[in-house]
Amino acid sequence: MTATIESIEELRQEALAALQAADESGLEAWRAEWLGRQDGRVTLLLRSVRDQPQEQRAQFGAAANALKNTLEEAFQERQEALRQQQLQDLATSGAIDVTLPGRPQPHGRLHPVTQTQRDIIEVFGEMGFRVAEGPEVEWAKYNFDGVRIPEDHPARDMWDTIWVDKEIGGRRDMLLRTHTSPNQVRVMEHQAPPIRVVVPGKCYRQEATDATHEWMLTQVEGLAVDEGIRMSDLKGVLYEFARRMFGQDREITFHHSYFPFVEPGVEMAVDWPTAEGGTRWVEILGAGMVHPEVLENAGIDSSRYTGFAFGIGVERVAMLRWGIDDIRHFYHNDLRFLRQF
Ligand code: PHE
């Protein structure tokens, strides 16, 4: 390439004009064309300094260097200007519109069974019951033996137990609690009468599921132990519970039932309107007077103290209050169902 001092000025104008015309995508090509290390036009120009006649060489070299510096600076400026322009465009083209309303955050809510469990606890809280909790993985000692269901007793068949597959001292003693009743013993071991306590929690039974049974269920256990507690106290408390939970004019009924840890034992049912316009009884809890042996097992003098206990099926209560026909809805996690509560 042969060039003269005059042509350097021409190059400058040409390069700057091309730079002004270049957009974001043309910028790199411009840099390669003019300032590329191998064969950029300014690089070649600098290399041609040695071809200049001796007396022009210094002046020519200085002019070529000045051009290189000018173009490098111009390139930086242009790059920055384009970047600023891009931000401006983003702001005005609406990609960032600060006036748009915020996106609504979806609100979570409590599961209907949790809501019902809390409402049940609140009703009993107003009647002077405190809340306790116990483990879901339980010992057979508490789940069965302490509540008068010894090994090989046919009553164990009432609860299709999910055992933890672990032998300790040759015995399989660990299970998923089949009911909240082991907490009767746990509470009495730690507290002397008077006792008024409710114990909510999940229980597990190895049952085939159908519209009214699940392999997991929620119970609220209740226990009251004091001097002079009678069956009428149990009925009074449960009547009051039903009225506060389901409304003043709901009917309830008790009928005899068998649980090894109470004597006598009852089940309580609430009337539920049917689709045909009638009503039918729906059992929502088991209850009874605490068996004297259960008191004694937990170190309480049964000649001085008596008590009552109950175990409420929380899903049953939830089904009743909202007219839900199938217990399995609760655990399908279908938002169309869950959003209704
Ligand atoms: N534990 C019993 C059950 O799960 C219910 C119950 C509790 C009955 C307390 C009587 C007293 O079926």
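Residues numbered from 1 in each chain as written. Predicted model: local features only at pLDDT ≥ 70, side-chain atom pairs only at ≥ 80, totals over all residues. Heavy atoms only, no water.

Q: Explain the domain arrangement of the chain to me, using residue names and the numbers behind them.
A: Segmentation of the chain into domains returns domain 1 (5-93) and domain 2 (112-338). Taken over C-alpha atoms, the centre of domain 1 sits 86 Å from the centre of domain 2. (Domains from an automatic or database assignment.)

Q: So what's going on with the pairing of strand β8 (residues 216-226)? Residues and values would help.
A: In regular strands, side chains alternate between the two faces of the sheet. In terms of burial, β8 is largely enclosed, as 10 of its 11 residues are buried. Bridge analysis of strand β7 (residues 195-204) against β8 gives 10 bridges, and the strand direction is antiparallel. Note that in β8 the partner of Gly201 across the bridge is Gln219. (Buried < 20%, exposed > 50% of the residue type's maximum accessible area, 1.4 Å probe, protein only. Helix = DSSP H or I, 4+ residues; strand = E, 2+ residues; numbered from the N terminus. Pairing = 2+ DSSP bridges.)

Q: Before we move on, could you go through the site of the ligand and cite the residues and values that matter?
A: As a structural note, the neighbourhood of the ligand is formed by 15 residues, with His179, Ser181, Arg205, Gln219 and Gly311 the closest of them. His179 places a side-chain nitrogen or oxygen 2.9 Å from a nitrogen atom of the ligand. Between the ligand and Gln219, the relevant distance is 2.9 Å, taken from an oxygen atom to a side-chain nitrogen or oxygen of the residue. Look at the ligand: alone it shows 320 Å² of surface, and the protein chains cover 94% of it. Placement of the ligand is best described as lying within the largest pocket. Looking at the shell around the ligand, the elements with two or more residues in it are β8, β11 (279-290) and β12 (306-313). Ranked by residues supplied to the shell around the ligand, first place goes to β12 with three residues. In the shell around the ligand, the residues fall into seven nonpolar, six polar and two charged. (Near = heavy atom within 4 Å. Polar contact = N/O pair within 3.5 Å; in protein donor to acceptor, adjacent residues only side chain to side chain. Areas by Shrake-Rupley, 256 points an atom, 1.4 Å probe, with all protein chains shown as cover. 1 Å grid on protein atoms, 1.4 Å probe; cavity = no way out; pocket = protein on both sides within 12 Å on 5 of 7 lines; lining within 4 Å. Sits in = over half its atoms within 2 Å of the grid points. Nonpolar A, V, L, I, M, F, W, Y, C, P; charged D, E, K, R; others polar.)

Q: Got a sec to walk through the layout of surface pockets? Specific residues and values, please.
A: Here the largest pocket is characterised by a volume of approximately 660 Å³. As for the largest pocket, its lining consists of 33 residues, and the residues nearest its centre are Arg205, Gln219, Phe259, Glu267 and Gly286. If you list the elements that add at least two residues to the lining of the largest pocket, you get β8, β10 (262-273), β11, β12 and α10 (314-322). Per element, the largest residue contribution to the lining of the largest pocket is six residues, and it comes from β11. Its residues placed into classes, the lining of the largest pocket shows 14 nonpolar, 11 polar and eight charged. (Points joined across faces, edges and corners; volume = space filled by probe spheres on them.)

Q: Which residues make up the environment of His255, and what are the values?
A: Structurally, the position occupied by His255 is in strand β9 (residues 252-257). For the pair His255 and Ala269, spaced 14 residues apart in sequence, the C-alpha to C-alpha distance is 8.3 Å. Once residues within four sequence positions are removed from consideration, His255 is found in contact with Gly265, Val266, Glu267 and Glu283. Looking at His255, its side chain comes within polar contact range of the side chain of Glu283, at 3.2 Å. (Contact = heavy atoms within 4.5 Å.)

Q: Report on the sheet that holds strand β6 (residues 174-176), specifying residues and quantitative values.
A: One open sheet accounts for three strands, arranged β2-β6-β3; its pairing is antiparallel. In the strand order of this sheet, the two ends are held by β2 (137-139) and β3 (162-163), each with one partner. In this sheet, β6 lies alongside β2 in antiparallel orientation, the contact comprising three bridges. Each residue of the ladder has a partner; that of Trp139, found in β6, is Met174.

Q: Quick rundown of the sheet that holds β10? Include the residues and the values.
A: Pairing is mixed across the open sheet formed by seven strands, whose spatial order is β1-β7-β8-β12-β11-β10-β9. One side of each edge strand has no neighbouring strand; the edge strands of this open sheet are β1 (130-131) and β9. Taken together, the five bridges between β11 and β12 define a ladder with antiparallel strand orientation. Across the sheet, residue Gly286 finds its bridge partner in β12, namely Gly311. Contacting β1, β7, β8, β11 and β12, helix α7 (residues 182-190) crosses the sheet at an angle of about 140° to β7. (Axes fitted to C-alpha atoms, helices over the stretch in contact; angles between N-to-C directions.)

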